[in-house]
Amino acid sequence: MKVLIIYLAILFLCGPTFGQGINGIYVHTDRTAYSPGDTVWFKGYVLKDGHLDRSAVNLFVDWADRDTIIRNDVFLVGGGVTPGQFVIPINYRYPMLELNAFTRNMVSHRQFGYYKSLVVFQDSLETENFPQDTFLKNSVTPSSADTSHVEMNVLFQPDTIKISLRSLVSYDIQNLMLECIFQYVEVFSNQIDLQSRAEMTFKLPRYGIDSGVLQFRLINEKNRILCHYAKLLIDSSQMITPKIGFNGTGEPTVSLSNGELANLSIAITKKNTVIGNSKSMYGELLLNNTADKSYPDLYHVNNKQVWQWNNQAEIPQLRDSVLYLKGKLNFSEKVSRQYEKALANLTTKKKRDLRVLSVGFRPLADTLMQFSEYTLNAANTFEIPNLTFFDSIEVRIKQIEPSLQYYPFDAICSFYPIERHKTIYRPSWATFENQESRLLSIVNGNERSVIERRSFQNMRRLQTVVVKRDVNTQRIALLEKEHGISGPFKSVNAYAFDAANDPLISVSSDARSYLSSKLPHVNIGSGRMNRGDNIRLFINETPSEFSELEYLFADDLSYIKFFQPPSILNPSGGAALAVYTKKGNQYKRSSLAKAFTAKVMGYTEPLAKSISLKEETIYWQPMALLSLLNPYFTIPLNKSELKNTTLTIEGVTESGKIVYLQTEMDKL
C-alpha cells in the first residue's frame, strides 16, 4: 500500500477533471484463456472522441463469475490509460470470467460500459462437448454451413452492398430467413422464398457500414445455416499497423510510420496459447462509437426503422477526480439523542466545537498507525482529501472527548465513491450460455487453426486428494493456550492450522479469499460444503455470519479450526468453522465498540510495469510509449526466445488512429 500525495502529478497528467459525455473503453488482456490461479494482465484504454481521454481519472472494473461480482476494483488513470491485473481465485469453478469496465459517468448507464468474457479452464471441462459451429456475432470466421442448396455472393459497391442468392436445387425453398449483422447489431432480418434455380438480389445502403465486422447468413425453417458470409471492414484512415524490426543484438523493435506518437500495450504468448483474434481494439472501439467517425446503432433495409442514435445529452456529466477517504458515524436513534444532548452541554461548557474525531490509519504492511484530528459536520460525516492510497489500509476512529467515548457508534468508511455493483452487466447479445459457447468455440479452434488443448482429464480435484503434512504440534498447543480455547472448541478432532505464519496470508486480500484457498471443499460464500452440509461460523468463538469474513482481512487471522460434520458446535449436524484473530487486534462488532476499526480498500495498484514469464504469456508490456525522442520501442527478448510465439500489439496514436497487429514471430 502506498499513500499518495499526488494531486499535482495527476492534474499534470490528466488535465481538467470535467467530462464531456460518454467515454469509449477498451481492455486489452494478455490472452483470452486462463486457469484458476492465473493472473489476468491487462491495460485499460479510456477514449473521448477517438483520442485518449486525458481528463479521465478513475476506471472501475467489476469481475464476475457466472452470476455474482467477486471483486470491485478501481484503477487510477493517467493520460487515458491504466495498467492492471486480476488474480483468478485458485478455487474458481466456472468456465468463464466476465468483466465490466466503466467510468463514473456510466454508473447508471451500464449499457455504455465495456464488457469482456474470458475462458477459465476447468478439470471437468470437455470442450469437445460444445458446439464448434456456433454462429458468432462477433467472429470474423464463418461457421460451417450446408452450401449445397444456396450460393451467396456479396459485392461491395461505392454506395451499396449487393447480396446475391442463387438456388442450386430444382425445387422451391420456402420460409428462409436472411439476416444481416454489423458488429453486434442486427441490421435486418427478412423472410424470403427462393424459387428453383432462381437468383435473388438485395441492396443494402453503405452509409455507416464502413468499418467493423459485417455478416450475412441464410437460415431455413429448421434453423439450419444454408450459407454464411463474414468480412472485417477496415478504414485505413482510422487504423495503423506497427512495423517490426530487429536491432543489432537481435531484439525486436516496434515503430510506426511517419514517426507517429502512440501509447501501446504488447503481449507475446506461446504460439498455441488461446488469445482470440476477433475482439480487437479496432472492432470494440468502433462498436462503441468512439472512433473519429461516429456510427449509428441500427438500420433496417425495409425502412420501417431508421438510424437509432444514443442520446448522450441526457447522461449527467459528473466530475471525475482523485478518490480519497470519506466516513460517516452512525448512532442508534436512542443513542443519537443522548449523544447530541451530551455534545451540546459540553460545547456550551467549553465554548468550542467538540464535534471532533481522532482518525488513525496504517498501511497493512506497516506496524505504526498515524492519528490526526478531523471535524465532523452536522450530518456526522468527515473527509480526508489528502488520504489517497493503493491497496488497503486499516482505519480506527474514536471520540476525542473522554465523556463522549462511551456512546457506541458504527461507522462507514469508504474510498469507493459509488454503490458497488453486485451482478455483471451483459449486453443483450451476451447471455451467459451464448458467451460460454462462443468462448469454448474459440478453444476448439474456430478462431485459431492450431490450439493446444490443455488436458485436465488426469487431474483430481483438491478435495479428493489426501495430503500428508507435518503438524507443528507445539505451535498448535501454544495457539490453543494463547486463545484460551476450551469446551467444545478444544476438540482435537478438527483440522487446525496456524494462519499467522502461513505464506498464503500475504497474497490473500481478506479472510474469505484466504479460507477459500485453504478449504477448497468449503463454499465460503454460501456457508456450505460442496457436498451440501451446512457450516456454522464462529469468530473468536462468537456465532457469526459468513458475510463478515469479507470485512476481516487475512493478516488479522491467527488460528483456524475446521470441525468435520457432524459437529457438536452445529445443532443441525453440519460442520463448524472457528476463526481466531490475532491477540491484541481482536475482531469486534463495531456497534458495541468504543473505537471503530475497519479495513478500507483503495486503488488497485499495478503489480508490475512489465513482466517476463515462462508461461503461456512470456512477455507483457502495458506501457510501451513511442515519442519524438524514442520513436522505437525495444522488446528485451532475443530471437531464440521468440520461437513459436505470437505477438499482439494494440494501442492509440496521438492523432487518434488505432494501432493493431497480431502475427507469429517466426514469420518476421
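About the criteria used
- Residues numbered from 1 in each chain as written.
- Predicted model: local features only at pLDDT ≥ 70, side-chain atom pairs only at ≥ 80, totals over all residues.
- Heavy atoms only, no water.
- Helix = DSSP H or I, 4+ residues; strand = E, 2+ residues; numbered from the N terminus.
- Buried < 20%, exposed > 50% of the residue type's maximum accessible area, 1.4 Å probe, protein only.
- Contact = heavy atoms within 4.5 Å.
- Areas by Shrake-Rupley, 256 points an atom, 1.4 Å probe, with all protein chains shown as cover.
- Pairing = 2+ DSSP bridges.
- Expected span 1.5 Å × (residues − 1).
- Arc of directions from axis to C-beta.
- Salt bridge = Lys/Arg side-chain N within 4 Å of Asp/Glu carboxyl O.

### Thoughts on the overall build of the protein
In step 1: Helix and strand counts for the protein come out as six helices and 41 strands.
In step 2: The buried share among the 668 residues of the protein stands at 52%.
In step 3: Of all intrachain contacts in the protein linking residues separated by at least 6 positions in sequence, the fraction that spans at least 24 positions is 72%.
In step 4: As displayed, the protein has an accessible area near 31,800 Å², and 50% of this comes from carbon and sulfur atoms.

### A closer look at the sheet that holds strand β6 (residues 58-64)
In step 1: Overall, mixed pairing links the five strands, which are arranged β3-β10-β9-β6-β7 in an open sheet. Looking at strand neighbours, the two that pair on one side only are β3 (33-34) and β7 (69-76), the edges of this open sheet.
In step 2: By the bridge criterion, two bridges tie β3 to strand β10 (residues 114-120) in an arrangement that is parallel. Within the sheet, the bridge partner assigned to A33 lies in β10 and is V119.

### Regarding the environment of V652
In step 1: Within the fold, V652 resides in strand β40 (residues 645-653).
In step 2: With 390 residues separating them along the chain, V652 and A262 place their C-alpha atoms 5.6 Å apart.
In step 3: Beyond its immediate sequence surroundings of up to four residues, V652 is in contact with Y45, L47, G50, L52, L261, A262, N263, M281, K657 and V659.

### Some points on the environment of T663
In step 1: Position of T663 among the secondary structure elements: in strand β41 (residues 658-664).
In step 2: Taking the C-alpha atoms as reference, T663 lies 9.8 Å from K271; in sequence the two are 392 residues apart.

### Observations regarding unusual backbone geometry
In step 1: Going from P565 to P566, the amide bond is cis rather than trans, its omega being 0 degrees.
In step 2: Note that P566 resides in the loop between β34 (557-563) and β35 (575-581).

### Regarding helix α3 (residues 333-350)
In step 1: Between its first and last C-alpha atoms α3 spans 26 Å; for 18 residues at 1.5 Å apiece the expected length is 26 Å, and the two agree.
In step 2: Every buried residue belonging to α3 is among V335, Y339, A342, L343 and L346, and all of these are buried. Projected onto a plane normal to the axis of α3, the buried residues spread over an arc of 105 degrees and lie on a single side. Set apart from the buried face of α3 by more than 90 degrees, the exposed residues are E333, K334, R337, K341 and T348.
In step 3: Those residues of α3 hidden inside the fold are in contact with β27 (392-399).

### Quick notes on the pattern of salt bridges
In step 1: In total, this model carries 16 salt bridges according to the counting rule given.
In step 2: Notably, a salt bridge pairs R31 with D30, separated by 3.4 Å at the nearest N-O pair. Pair check on accessibility: R31 and D30 agree, each one buried.
In step 3: The shortest N-O distance in the salt bridge between D498 and R475 comes to 2.8 Å. With D498 in strand β29 (residues 495-498) and R475 in helix α5 (residues 473-482), the pair connects residues that are 23 residues apart, well separated along the chain.
In step 4: For D498, a relative accessible area of 17% puts it in the buried group.
In step 5: Classification of R475 as partly exposed rests on a relative accessible area of 22%.
In step 6: Residues joined in a network through salt bridges with shared partners are D30, R31 and D38.

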